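Take a look at the letters that make up each chain.
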Amino acid sequence: MKNFPLFTIVVAILCTSCDKKEKATEIATTPSEKFCIVIHGGAGTILKENMSDSLEAEYNRVLDLAVSKGYEILKNGGTSLDAVTQAIMILEDSPLFNAGKGAVFTNEGKNELDASIMDGKSKAAGSVASVTRVKNPITLARAIMEVSEHVMMVGLGAEKFAEQNGIELVDPSYFFTEKRWEGLQKAKEREKIELDHAAAINYDLLIKNQKFGTVGCVALDKKGNIAAGTSTGGMTNKRYGRVGDAPIIGAGTYADNATCGVSATGWGEFFIRNVVAYDIAAQMQYKKVTLGEAAKETIQKKVPEMGGDGGIIAIDKEGNIVMEFNTAGMYRAAIDINGKKIIEIYK
Ligand code: ASP
């Protein structure tokens, strides 16, 4: 008992220092209460003259719905991972975009979906490729990240994992949309004409000029955590188990709290070869350039110099938003750290 006062003092000192430590840790992981979000619905030959007013209004409505949903989650203290997942699910459920419900058709007339998600805090990642029955591939990518020991799963195995983990499965016919079916028929006609004029089969020629339409989201939450995700049906008329950049961590999706989060859309082969999403983060890390400068270098120089096209959306750790593309348009929307919303389609 005699020692009690001394014991109390020691405990009190220890607790004060614990308190300080906790506060210090909190400050380190919570640099600010800044939060923001950006989404895309694909880049490509999107021209005002090819768009009706009602279709344009519908694109704007769904982009608004998705970006606002993600923003609400962040505003209420939710995680960037939840904001990204929920925003992408809205885009996947819309037939307008080439992901989930609106996925394009393969050459064989099937829909094969790819998606990925990455957590900038832990650099954990999950990705899925070539699934045909998963309603919202982004939810499967997230489950792979959180529940499995793996980063990437493909095809039937990924679907088995989905089934075991309560991810919603649908009959492949769910993904049929008239517009995408017509798109495949047109692509095949065009291919036939082009091939009749080409001396040999040129894969570049086969997929040139085909509309993109992948969806993606990057968010920064109040705790300073960045997450990024991407989901796609790939490219119209794709063949033989082709997988694009969307499910490739570092190519179509990347997130690192120390630099930025990126989601890409475009001609996947070139985005894989240029490791686009990581290239942007790496320039920031090693060359100490800004997010805007890094994105310009990759999207306006590296990718087009090789012959590819497309764009990216990205957020850095300060909450700067970048939407960079080298095509005629990119469906996109953002709500910045001041709560300012923009929704845009054309250049
Ligand atoms: N990047 C996607 C792919 O190559 C297509 C797209 O962005 O529209 O699969």
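Refer to the structure printed above.
Residues numbered from 1 in each chain as written. Predicted model: local features only at pLDDT ≥ 70, side-chain atom pairs only at ≥ 80, totals over all residues. Heavy atoms only, no water.

Participant: How should I be thinking about the sheet that holds strand β6 (residues 226-232) in this particular structure?
Facilitator: Each strand in a sheet pairs with another by means of backbone hydrogen bonds, the pair being arranged parallel or else antiparallel. The strand order across the open sheet formed by eight strands is β4-β3-β2-β6-β5-β1-β11-β12, and the pairing between neighbours is mixed. Only two strands of the sheet have a single neighbouring strand rather than two, namely β4 (152-154) and β12 (341-346). Across this sheet, the average inter-strand angle for adjacent strands is 5°, counted without regard to direction. In the sheet, strand β2 (residues 113-119) pairs with β6 via six bridges, with the strands oriented antiparallel. By the bridge assignment for β6, Ile 117 is matched with Gly 229. In this fold helix α2 (residues 53-75) packs onto β1 (36-44), β5 (215-220), β11 (329-335) and β12, with an angle of close to 145° to the strand it touches most, β12. (Pairing = 2+ DSSP bridges. Helix = DSSP H or I, 4+ residues; strand = E, 2+ residues; numbered from the N terminus. Axes fitted to C-alpha atoms, helices over the stretch in contact; angles between N-to-C directions. Contact = heavy atoms within 4.5 Å.)

Participant: Help me understand the sheet that holds strand β9 (residues 310-316), please; the structure alone is not making it clear to me.
Facilitator: The strand order across the open sheet formed by four strands is β7-β8-β9-β10, and the pairing between neighbours is antiparallel. In this open sheet, the two edge strands, each paired with only one partner strand, are β7 (253-255) and β10 (321-325). With direction set aside, neighbouring strand axes in the sheet form an average angle of 10°. When β7 meets strand β8 (residues 260-266), the two strands line up antiparallel, connected through three bridges. The residue of β8 that forms the bridge with Ala 255 is Gly 261. Strands in contact with helix α9 (residues 276-287) are β7, β8 and β9; relative to β8, the strand with the most contacts, it is inclined by about 145°. Its contacts with the sheet put helix α10 (residues 291-306) on β8, β9 and β10, and the angle it makes with β10 is roughly 15°.

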